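Here are the chains, one letter per residue:
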Amino acid sequence: MKYNFQDGFTLLELLISLSILSLLSILVINGINTGVVGSHKISKKMESIETLQSLDRLFRKQLGALIPIEISDDDGSKIYFSGDTNRITFLAPGENGPQRYAILSDKENMIRFSQGVLQKTLNTYQIGPHHFSFFGTLSGEQKARWHQKWKDQTNTPKLVRLTINHAFPITVKPPRHIEAR
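Residues numbered from 1 in each chain as written. Predicted model: local features only at pLDDT ≥ 70, side-chain atom pairs only at ≥ 80, totals over all residues. Heavy atoms only, no water.

Chemist: Teacher, can you tell me more about the nonpolar core here?
Modeler: If you look at the biggest cluster of nonpolar residues, it comprises 25 residues, and the most contacted ones within it are Leu55, Phe59, Leu63, Phe81, Ile88, Phe90 and Ile103. For this core, the elements supplying multiple residues, two or more each, are helix H1 (11–64), strand E4 (87–94), strand E5 (97–105), strand E6 (110–115), strand E8 (130–136), strand E10 (159–164) and strand E11 (170–172). For this core, the element with the highest residue contribution is H1, accounting for 4 residues. Apart from the residues lying within four places of it in its own chain, the contact partners of isoleucine 88 are Phe59, Leu63, Phe81, Ser82, Gly83, Tyr101, Ala102, Ile103, Phe132, Phe134 and Val160. (Core = buried A, V, L, I, M, F, W, Y, C linked by side-chain atoms within 4.5 Å. Buried < 20%, exposed > 50% of the residue type's maximum accessible area, 1.4 Å probe, protein only. Helix = DSSP H or I, 4+ residues; strand = E, 2+ residues; numbered from the N terminus. Contact = heavy atoms within 4.5 Å.)

Chemist: Mind showing me how you'd approach the side chain of threonine 89 here?
Modeler: Inspection of the secondary structure assignment puts threonine 89 in strand E4. For threonine 89, a relative accessible area of 13% puts it in the buried group. At 2.7 Å, the side chain of threonine 89 forms a polar contact with the side chain of serine 82. Beyond its immediate stretch of four places on either side in the chain, threonine 89 contacts Tyr80, Phe81, Ser82, Tyr101 and Ala102. (Polar contact = N/O pair within 3.5 Å; in protein donor to acceptor, adjacent residues only side chain to side chain.)

Chemist: Looking at this model, I keep getting lost on H1. Mind explaining?
Modeler: Counting along an α-helix, one turn takes 3.6 residues, and residues three or four places apart therefore face a common direction. Compared with an ideal rise of 1.5 Å per residue, which puts 54 residues at 80 Å, H1 spans 79 Å between its outermost C-alpha atoms and is within 8% of the ideal. Taken as a whole, H1 has its buried residues at Leu55, Leu58, Phe59, Gln62 and Leu63. (Expected span 1.5 Å × (residues − 1).)

Chemist: Sorry, what's going on with the environment of isoleucine 67 here?
Modeler: Along the chain, the position of isoleucine 67 falls in the loop between H1 and strand E1 (70–73). Classification of isoleucine 67 by relative accessible area gives partly exposed; the value is 24%. Taking the C-alpha atoms as reference, isoleucine 67 lies 9.0 Å from phenylalanine 81; in sequence the two are 14 residues apart. Setting aside chain neighbours within four positions, we find isoleucine 67 in contact with Leu91, Ala92, Pro93 and Pro98.

Chemist: What should I look at first to understand the sheet that holds E5 in this one?
Modeler: Adjacent strands of a sheet pair through backbone hydrogen bonds, lying either parallel or antiparallel. One open sheet holds the 5 strands; their spatial order is E3-E4-E5-E6-E7, and the pairing between them is antiparallel. Edge positions in the sheet fall to strand E3 (81–84) and strand E7 (120–126), since each of these pairs with one other strand and no more. Between one strand axis and the next, the sheet turns by 20° as a mean value, whatever way the strands run. Where E5 meets E6, 5 bridges bridge the pair, whose relative direction is antiparallel. (Pairing = 2+ DSSP bridges. Axes fitted to C-alpha atoms, helices over the stretch in contact; angles between N-to-C directions.)

Chemist: Is there a simple way to explain a nonpolar patch on the surface in this structure?
Modeler: Where nonpolar side chains cluster on the molecular surface, the patch consists of Leu11, Leu14, Leu15, Leu18 and Leu21 and spans about 520 Å² of accessible area. Relative to the elements of secondary structure, leucine 14 occurs in helix H1. Judged by relative accessible area, which is 43%, leucine 14 ranks as partly exposed. (Patch = residues over 30% accessible without salt bridge, like charges linked within 9 Å, V, L, I, M, F, W, Y side chains within 5 Å. Areas by Shrake-Rupley, 256 points an atom, 1.4 Å probe, with all protein chains shown as cover. Salt bridge = Lys/Arg side-chain N within 4 Å of Asp/Glu carboxyl O.)

Chemist: Please clarify how the sheet that holds E10 should be interpreted in this entry.
Modeler: The sheet built from 4 strands is open, its strands ordered E9-E8-E10-E11 with antiparallel pairing. At either end of the open sheet lies a strand with only one pairing partner, and these are strand E9 (145–147) and E11. If you compare each strand with its neighbour and ignore which way they point, the axes differ by 25° on average. As judged from the 6 bridges shared by E8 and E10, these two strands associate in the antiparallel manner. Considered in E10, the bridge of phenylalanine 134 is made with valine 160. Strand contacts of H1: E8, E10 and E11, with the helix running at about 15° to E11, the strand carrying the most contacts.

Chemist: I would appreciate a short explanation of the pattern of salt bridges in the present structure.
Modeler: For side chains bearing opposite charge, pairing can occur when the charged atoms are close. For the structure shown, the criterion picks out 2 salt bridges. Measuring nitrogen to oxygen at the nearest pair gives 2.7 Å for the salt bridge that ties arginine 60 to aspartate 56. Residue arginine 60 and its partner aspartate 56 are both found in helix H1; the two are separated by 4 residues, about one turn of the helix. Given the relative accessible area of 37%, arginine 60 is considered partly exposed. For glutamate 141, the salt bridge goes to arginine 145, with nearest N and O atoms at 3.0 Å.

Here it is as structure tokens:
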């Protein structure tokens, strides 16, 4: 009777199979890690897109509701609307008639929407570097162009733009004041 000693694994076969298993486990763990990192990046990007969409809606809604009311002082009649690269103030419908509204920018790259004389905060957005600009014809100019400041004018600008770094600008056409004839 012959004995067959080839029924088991040799030490070399065992070492080769363990090496292959460890390489496969490293590949699987790296794949899972890549998936988790990718998922976090996608989540951050989606959050950023949702923030920009919400900001876009509120910016358009607020400036679309603007009431171009004339105010008079010693210098004559002007529209209650002013703005510069960091702030826009205007009148819009409120609960008890027209109210003051402001869209403010600060040094921490935040935009704050506020209402009323006491500037009650309606909403804030962390969006990165940004600025406002205004398209139209200032008093004494012949041709419409983009301006960094809009103050003491007899009309609202034709367009108001919020430019955000790394995103498309948001441009809104506010209601225009039309002189009575």
